[in-house]
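# Understanding the architecture of this molecule
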Amino acid sequence: MNSHKNAQMSFKLFIGILLGVLGIMTFFPFLWMIFSSFKTNAEINQIVPSLFPKDATFDNFKELFFRLNFGTYLKNTLIITACSFIGLLLNAMAGYGFAKFDFKGKNGLFLMVLATMMIPGQVTMIPVYLLLNSVGLTNTLIGIVLPGLAGAFGIFLFRQFMNTISNEMLEAARLDGASEWYIFFKIILPVSRPILAVQGILTFIGGWNSFLWPLIIANDEKYYTLSVGLQLLQGQHGSNYALQMAGATFMVIPILIVFSIFQKYILQGFNVSGIK
Amino acid sequence: MKKSKSPYFFIAPAVALLLVFSIIPIFIAITISFTDMSLAGLADFSRIKFVGLDNYLNIFNDKVFGQAMFNTAYYVVIGVPLVILSSLALAIMINFGENKFFSFMRLVFYSPSITNTVAVSVVWMYLYNPTIGLLNHLLSFLNIGPIMWLTDPSTSKLSLIIIAVWKAIGLNMLIFLAAIQGIPKEYYEAAEIDGANKWQQILKITIPLLKFSIFFVTVTTLIGWFQFFDEPFVMTKGGPLDSTLSVALFIYQRGFQYNKFGYAAAGSVILFIAIIIVTSIQMKIQTKQKENEG
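Residues numbered from 1 in each chain as written. Chains lettered and ligands numbered in written order. Predicted model: local features only at pLDDT ≥ 70, side-chain atom pairs only at ≥ 80, totals over all residues. Heavy atoms only, no water.

In the annotation of an unreviewed UniProt entry, the entry for chain B reads ABC transmembrane type-1 domain-containing protein, and the organism field reads Enterococcus haemoperoxidus ATCC BAA-382. Listed under Sequence similarities (unreviewed entry) in UniProt, the entry text for chain B is "Belongs to the binding-protein-dependent transport system permease family." (UniProt positions renumbered as here; feature names shortened; annotations may be inferred.)

The name an unreviewed UniProt entry gives chain A is ABC transmembrane type-1 domain-containing protein, with Enterococcus haemoperoxidus ATCC BAA-382 as the organism. The Subcellular location (unreviewed entry) field of the UniProt record for chain A holds the comment "Cell membrane".

In the UniProt entry, the feature "domain: ABC transmembrane type-1" (unreviewed entry) is given for residues 73–262 of chain A. End C-alpha to end C-alpha, residues 73–262 of chain A measures 25 Å, and it is 76% helix and 0% strand. (Helix = DSSP H or I, 4+ residues; strand = E, 2+ residues; numbered from the N terminus.)

Attention shifts here to the interface of chain A and chain B. The figure often quoted for interface size is the accessible area lost as the parts come together. Chain A puts 101 residues into the contact, and the matching count from chain B is 93 residues. For the interface between chain A and chain B, the tally reads zero salt bridges. Linking chain A with chain B are seven residue pairs in polar contact (both at pLDDT 80 or more). With 18 residues, helix α1 (residues 2–36) of chain A is the largest single contributor of residues to the side of chain A that touches chain B. (Contact = heavy atoms within 4.5 Å. Salt bridge = Lys/Arg side-chain N within 4 Å of Asp/Glu carboxyl O. Polar contact = N/O pair within 3.5 Å; in protein donor to acceptor, adjacent residues only side chain to side chain.)

Moving on, we come to empty space enclosed by the protein. Applying the stated rule across the entire model yields three cavities of 30 Å³ or more. Reported here for the second largest cavity is a volume of approximately 40 Å³. As for the second largest cavity, its lining consists of Trp32, Lys39, Glu43, Ile44, Gln46, Pro49 and Ser50 of chain A together with Tyr126 of chain B. When grouped by side-chain class, the residues that make up the lining of the second largest cavity number four nonpolar, two polar and two charged. (1 Å grid on protein atoms, 1.4 Å probe; cavity = no way out; pocket = protein on both sides within 12 Å on 5 of 7 lines; lining within 4 Å. Points joined across faces, edges and corners; volume = space filled by probe spheres on them. Nonpolar A, V, L, I, M, F, W, Y, C, P; charged D, E, K, R; others polar.)

Take the domain arrangement of chain A next. Residues and elements named next belong to chain A. Looking at the assigned domains, one finds that chain A contains domain 1 (1–45) and domain 2 (66–272). Between domain 1 and domain 2, the C-alpha centre-to-centre distance is 32 Å. With twelve residues of domain 1 at the interface, the matching set in domain 2 holds eleven residues. Here domain 1 and domain 2 share an interface that buries about 810 Å² over both sides, 78% of which is from carbon and sulfur atoms. When the area that domain 1 buries against domain 2 is broken down by residue, the three leading residues are Met33, Ser37 and Asn41, summing to 53%. Seen at the junction of domain 1 and domain 2, the total is zero salt bridges. (Domains from an automatic or database assignment. Buried area = accessible area lost by both parts, 1.4 Å probe.)

Further remarks concern the nonpolar core. In summary, soluble globular proteins display a tendency toward joint burial of nonpolar side chains. Leu19, Tyr96 and Leu230 of chain A together with Tyr126 and Trp225 of chain B are the most contacted members of the largest nonpolar core, which totals 177 residues. By residue number, the principal contributor to this core is helix α8 (residues 153–181) of chain B, which donates 14 residues. Residues within four places of Trp225 of chain B in sequence aside, it is in contact with Thr72, Tyr75, Val76, Gly79, Val80, Val83, Ile161, Ala164 and Val165 of chain B. (Core = buried A, V, L, I, M, F, W, Y, C linked by side-chain atoms within 4.5 Å. Buried < 20%, exposed > 50% of the residue type's maximum accessible area, 1.4 Å probe, protein only.)

What follows covers the environment of Val108 of chain B. As for its placement among the helices and strands, Val108 of chain B is situated in helix α5 (residues 100–114). Val108 of chain B sits in the buried class, given a relative accessible area of 5%. Taking the C-alpha atoms as reference points, Val108 of chain B and Gly170 of chain B, 62 residues apart in sequence, are found 8.6 Å from one another. Apart from the residues lying within four places of it in its own chain, the contact partners of Val108 of chain B are Gly23, Thr26 and Phe27 of chain A.

Moving on to the UniProt feature "transmembrane region" (unreviewed entry) in chain A. All names here are of chain A. Sites flagged by UniProt as "transmembrane region" (unreviewed entry) map to residues 12–35, 78–98, 110–132, 138–158, 195–216 and 241–262. In the segment residues 12–35, helix accounts for 100% and strand for 0%; the C-alpha atoms at its two ends are 32 Å apart. The span residues 78–98 shows a helical share of 100% and a strand share of 0%, and its end C-alpha atoms are spaced 31 Å apart.

Residue and element names in this part refer to chain A. Contact pair helix α4 (residues 70–100) / helix α8 (residues 152–162): the axes reach a minimum separation of 7 Å and the direction vectors enclose 50°. Looking at the two axes, α4 sits oblique to α8. In the packing of α4 onto α8, the handedness of the crossing is right-handed. Contacts between α4 and α8 pair Leu88, Asn91, Ala92, Ala94, Gly95, Tyr96, Phe98, Ala99 and Lys100 from the former with Gly154, Ile155, Phe158, Arg159 and Met162 from the latter. Residue composition of the contact of α4 with α8, grouped by class: nine nonpolar, three polar and two charged. (Axes fitted to C-alpha atoms, helices over the stretch in contact; angles between N-to-C directions. Parallel < 35°, antiparallel > 145°, perpendicular 65-115°, else oblique. Left-handed = near helix turned anticlockwise from the far one by under 90°.)

Right, let's talk about the packing of helix α4 (residues 63–94) of chain B against α5 of chain B for a bit. Residues and elements named next belong to chain B. It is the contact of α4 with α5, at a shortest axis distance of 10 Å, that shows an interaxial angle of 160°. Comparing their axes, α5 and α4 come out roughly antiparallel. Along the contact surface, α4 presents Leu90, Met93 and Ile94, while α5 presents Phe102, Met105, Arg106 and Phe109. Looking at side-chain class alone, the contact of α4 with α5 contains six nonpolar, no polar and one charged residues.

Attention shifts here to unusual backbone geometry. Residue and element names in this part refer to chain B. The backbone of Leu241 shows a phi angle near 55°, a positive value even though the residue is not glycine. Within the secondary structure, Leu241 is located in the loop between α12 (230–236) and α13 (247–257). The class for Leu241 is exposed, based on a relative accessible area of 75%. In the Ramachandran plot, Asn259 falls in the positive-phi region, its phi being about 60° despite a non-glycine side chain. Relative to the helices and strands, Asn259 is located in the loop between α13 and α14 (261–293).

Once that is clear, we can look at the packing of aromatic side chains. Inspection of every chain in the model, using the stated rule, returns 47 aromatic pairs over all chains. Aromatic side chains Phe11 of chain A and Phe96 of chain B sit 5.3 Å apart centroid to centroid with 85° between the ring planes, which places their arrangement in the edge-to-face category. Of this pair, Phe11 of chain A sits in helix α1 while Phe96 of chain B is found in the loop between α4 and α5, placing the two residues in two different chains. Phe96 of chain B sits in the partly exposed class, given a relative accessible area of 23%. The interplanar angle of 50° and the centroid separation of 6.2 Å between the aromatic rings of Phe212 of chain B and Phe215 of chain B together place this pair among those described as tilted. Here Phe212 of chain B pairs with Phe215 of chain B, and both are found in helix α11 (residues 211–226), just three residues apart, close to one helical turn. An aromatic cluster is defined as three or more aromatic residues linked by ring pairs; in this entry it consists of Tyr129 and Phe211 of chain A together with Phe229, Phe233, Tyr252, Phe256 and Phe261 of chain B. Seen from the ring of Phe233 of chain B, Lys237 of chain B lies directly overhead, with NZ or CZ sitting 5.1 Å from the centre. When the ring centre of Tyr263 of chain B is taken as origin, the NZ or CZ atom of Lys260 of chain B, which lies over that ring, is 4.7 Å away. (Phe/Tyr/Trp six-rings, centres within 6.5 Å; stacked < 30°, edge-to-face > 60°. Lys NZ or Arg CZ within 6 Å of the ring centre and 35° of its normal.)

As structure tokens, then:
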């Protein structure tokens, strides 16, 4: 029995070491990026590279904000990210509707929602551009946010979670005369905190990272997002790796911080193991 | 459950948005694909001409589109199994331990998934740089190289696949991990009493019980790789010699760079049909497996 325990322990240790090595390999590009953002461009271009900067400098970040327009891009990105949380609420509502009600056309509508997952962004790209163009919403922040508000994956995850909420609780509230909206906001949403956290993080990530659609819709630099700005930087300062690394670091770090704070909720909300 | 109008109020906003921005656009795309719509047609609808199947006939004779189809098939065939196997393996490994180290590893492996492709490409462009890049520098210690990662057509696709797999593992790993943790511990305890080792437990308990998650991940990953776009768009623009051009990138370039909306729409309809076919094959396999289990 003891040797069995020992074997178990050494097996766990082996897995731990293996994970550690793979983990370092996985995270290494980020480490390199972060350290490089404090290097001068001359140092990055040396043939023999080293991880740590010799004379750390903030110049790259200063240049992004004082000489380039990263302040504006940041503002746009934050506005877009904030607006996308309206979509989170709409998805939660739809998930609740599909999970807890019987109504005519429910299965058909839900299938339609799921089917939208199969539609490539490239199919809808041109028509949506034409639609928004015809109502004058190209080159606006609304035009950037609107098409992405509702999402099938989000609705699906909400439905999966809300299926598990007990019907008795809702019936009891209805007998007490609670309105449907009251039930949704005062019972359903508080109970759904784990899935709200997951979706909230995904929404934040999605908004913060949004790239292709803003690129298509925004022609004017004052509507650019951070990722569009970074792409522009890549084109204009292609050989200045240090500056690009600083821009990339600025995009990546907030996401990593937000995620590490909320990550314990992520797992609970991700269970798609059975369709109920 | 109560039958009333209220469910419609709950689902209406999201369903309406999906209708306007996902469902209706398909029909618009199909319509446009039969026309010669271009930038001129955007300003003045009367200049759009119906051309029947011309776009489809032309696109199937377009060598570049053929190359894009081949590349996309290559991405799918190599990328999908790589993503599924590596995220499943990592999830099983992470599930072995419950201490801080293992939950920290979760964060580490998830981090590429949540980061922006443009930002990530900046770093990888450097790592892949043939002269000052770190990868070739490290390989030179092993007397390998220099490899022309992104600039040689024979390695360019694989170089992009490496990044995309690195990015895709995190999300799928979490889906698997959530499912693994939903498996009752008693199953493993019973197997242990019967003398099953860890490897047997994984094959006989974990994998079979993960069937739905594996199916879910396979379908979403397949769809994702069919639409592979960000990495080639940001890093190679489809080059060198169209070796990394995906169908999705082809559509974007014809549509928004050459302003050939009709032609691009035809390409997008073909991509959509390909996705429907492959997804329904997956669904068929899944239902057949279910029937066999009785």
